[in-house]
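Given next are the chains, with one letter for each unit.
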Amino acid sequence: SKQWYQRRVRGVEIPLCLECIDWAKSEKRTFLTQALEGRLILLYHSVGQYSEALATVNRVLKILKKMDDKHLLMEIQLSESKVYHTLRNIPKARAALTSARTTANSIYVPPKLQAALDMQSGILHAEEKDFKTAFSYFYEAFEGYDSIESVHALKGLKYMLLCKIMLGAPEEVQSLLTGKMGLKYSGRGIDAMQAIADAGKKRDIAIFNQTISKYEAELQKDGVIESHLKALYDTLLEKNLVRIIEPYSRVQLSHVAETIALPYEVVERKLSQIILDKKFSGILDQRSGVLIVFDASEEDQTYTYALETISHMGKVVDALFKKAQKLS
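Residues numbered from 1 in each chain as written. Predicted model: local features only at pLDDT ≥ 70, side-chain atom pairs only at ≥ 80, totals over all residues. Heavy atoms only, no water.

A. Structural detail: the overall build of the protein. When helices and strands are counted, the protein shows 17 helices and three strands. Relative to a compact globule of 328 residues, whose C-alpha radius of gyration would be 20 Å, the protein shows 27 Å and is clearly more extended. Once the C-alpha set of the protein is aligned to its principal axes, its extents read approximately 80 × 80 × 45 Å. Taken over 328 residues, the protein has a buried fraction of 41%. Within the protein, residue pairs in contact and separated by at least 24 positions form 56% of the contacts whose partners lie at least 6 positions apart. Per element, the accessible surface of the protein, about 19300 Å² overall, is 54% carbon and sulfur. Across the protein, the 45 positively charged side chains and the 41 negatively charged ones have centroids separated by 5 Å. (Helix = DSSP H or I, 4+ residues; strand = E, 2+ residues; numbered from the N terminus. Rg over C-alpha atoms; globule rule 2.2 N^0.38 Å. Buried < 20%, exposed > 50% of the residue type's maximum accessible area, 1.4 Å probe, protein only. Contact = heavy atoms within 4.5 Å. Areas by Shrake-Rupley, 256 points an atom, 1.4 Å probe, with all protein chains shown as cover. Lys, Arg positive; Asp, Glu negative; His and termini not counted. Charge placed at Lys NZ, Arg CZ, Asp CG, Glu CD.)

B. Inspection of the sheet that holds strand E3 (residues 290-293) at higher detail. Across the sheet, which stays open at both edges, the three strands sit in the order E1-E3-E2 with antiparallel pairing between neighbours. Of all strands in the sheet, those with a lone pairing partner are strand E1 (250-252) and strand E2 (282-285), marking the two edges. Mean inter-strand twist for the sheet, computed between neighbouring axes without regard to direction, equals 20°. As paired elements, E2 and E3 share four bridges and run antiparallel to each other. (Pairing = 2+ DSSP bridges. Axes fitted to C-alpha atoms, helices over the stretch in contact; angles between N-to-C directions.)

C. How the structure looks around the nonpolar core. Leu219, Leu229, Leu271 and Leu291 are the most contacted members of the largest nonpolar core, which has 90 residues in total. Dropping the residues within four chain positions of it, leucine 271 is found in contact with Leu241, Ile245, Leu253, Phe280, Leu284 and Leu291. (Core = buried A, V, L, I, M, F, W, Y, C linked by side-chain atoms within 4.5 Å.)

D. View of the pattern of salt bridges. Scanning the entire structure with this criterion turns up eight salt bridges. One salt bridge connects arginine 94 with glutamate 128, and the closest N-O pair in it is separated by 3.0 Å. Of this pair, arginine 94 sits in helix H5 (residues 90-104) while glutamate 128 sits in the loop between helix H6 (111-127) and helix H7 (131-147), placing them 34 residues apart in sequence. Aspartate 146 is the partner of lysine 184 in a salt bridge, and the nearest nitrogen-oxygen pair spans 2.8 Å. Highlighted residues: lysine 184 in helix H10 (residues 180-184) and aspartate 146 in helix H7, separated in sequence by 38 residues. Note on aspartate 146: relative accessible area 22%, which makes it partly exposed. Connected via shared salt-bridge partners are Asp146, Glu149 and Lys184. (Salt bridge = Lys/Arg side-chain N within 4 Å of Asp/Glu carboxyl O.)

E. Spatial organisation of helix H11 (residues 188-202). With 15 residues, H11 ought to run about 21 Å at 1.5 Å a step, and its terminal C-alpha atoms sit 21 Å apart, in line with that. For H11, the set of buried residues is Gly189, Ile190, Ala192, Met193, Ala195, Ile196, Ala197, Ala199 and Gly200. Looking at the residues trailing H11, positive phi occurs at arginine 203, about 55°. (Expected span 1.5 Å × (residues − 1).)

F. Focus on the packing of helix H12 (residues 205-214) against helix H14 (residues 223-245). Contact geometry of H12 with H14 gives a least axis separation of 10 Å together with a crossing angle of 155°. What the angle tells us is that H12 and H14 run roughly antiparallel. H12 and H14 meet at a crossing whose hand is left-handed. On the side of H12, the interface is formed by Ile205, Phe208, Asn209 and Ile212, while H14 contributes Leu229, Leu232, Tyr233, Leu236, Leu237 and Asn240. Taken together, the residues of the contact of H12 with H14 break down into eight nonpolar, two polar and no charged. (Parallel < 35°, antiparallel > 145°, perpendicular 65-115°, else oblique. Left-handed = near helix turned anticlockwise from the far one by under 90°. Nonpolar A, V, L, I, M, F, W, Y, C, P; charged D, E, K, R; others polar.)

G. Main features of the state of the cysteines. Summed over the entire model, instances satisfying the criterion amount to zero disulfides. Free cysteine: cysteine 17, not disulfide-bonded; nearest cysteine sulfur from cysteine 20 at 6.5 Å. Taking the relative accessible area as the measure of exposure, cysteine 17 reaches 7% and is therefore buried. (Disulfide = S-S within 2.5 Å.)

H. Spatial organisation of unusual backbone geometry. With a phi angle near 60°, lysine 28 is a residue other than glycine that sits in the positive phi range. With respect to the secondary-structure elements, lysine 28 resides in the loop between helix H1 (2-26) and helix H2 (30-46). In the Ramachandran plot, arginine 88 falls in the positive-phi region, its phi being about 65° despite a non-glycine side chain. Structurally, arginine 88 is set in the loop between helix H4 (70-86) and H5.

I. Representation of the environment of leucine 229 in the model. Tracing the chain through its elements places leucine 229 in helix H14. Taking the C-alpha atoms as reference points, leucine 229 and isoleucine 212, 17 residues apart in sequence, are found 9.1 Å from one another.

J. Local environment of the packing of H14 against helix H15 (residues 253-260). Following both chains from N to C, one finds H14 and H15 inclined at 125°, their axes separated by 11 Å at the closest point. It follows from the interaxial angle that H14 and H15 lie oblique. Crossing angle aside, the handedness with which H14 passes H15 is right-handed. Residue-level inspection shows Leu237, Asn240, Leu241, Ile244 and Ile245 of H14 in contact with H15, the latter providing Val256, Thr259 and Ile260. Here the contact of H14 with H15 is composed, by residue class, of six nonpolar, two polar and no charged.

Written out as structure tokens, the structure reads:
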């Protein structure tokens, strides 16, 4: 289990790695010391000791830039990007990845490391909702891992399927899994993504929740998939609620909650958010538990057009003023 793994890393692997680093320093094995510190960063990251991981990254980067060991420098920069991504600091994660790619351009990068770079690029593009570009990177990562028979190839394939689902094209999931690719990597992980695609295709929040419960280990223990499924859940919930309330001018919240098979409080909170986001016009009468839906009205563009006209007139006046100055 994850808890057993973390106890093992904290109790055995990290102390052992620190001991090896101390020995390498005493023996003045500089390159070995930096390689072991690179391994230590990954161990710290795997057990959630992010402060220690970043402190080690900063210390090692200074030394490696002086040593000009570009291969190890690239690995450390990639690890730094992963740590910042886990901490949800996307700008710094992207900056670290850009540095890693710049370093990689001047050296030979083995297929495994190149696949890791592509995987991280895909993850960061997905965070920015650019799922088309993310899919391309995940495909490159999948092919790289698949060529060396790495276990990470399955993760790349799952992320490819996730991109198709998030792009609103769940029907393309099945076409991706036809042939050798689907047969080679078939299992609960792929079944979970297919089930999510089916729920997305049917726009059924109940099937979605059942799938999350059934494949909890495959979906919720992967941070990347979990974060995007939360966004997908919100989108599905929003679409379902809007579809239910569309025919009404007044509707009891209890009826909406019963129809969608969700707790009253969840429905009330989500409808409040939809109204505040101006997805539809209406108000919540919390005293009587009623949603009052207003007819959609066209937004008055007079103010916008007036501002645009003033802006254009300002430009014309500026141009005439410049011409008048030239004549004088």
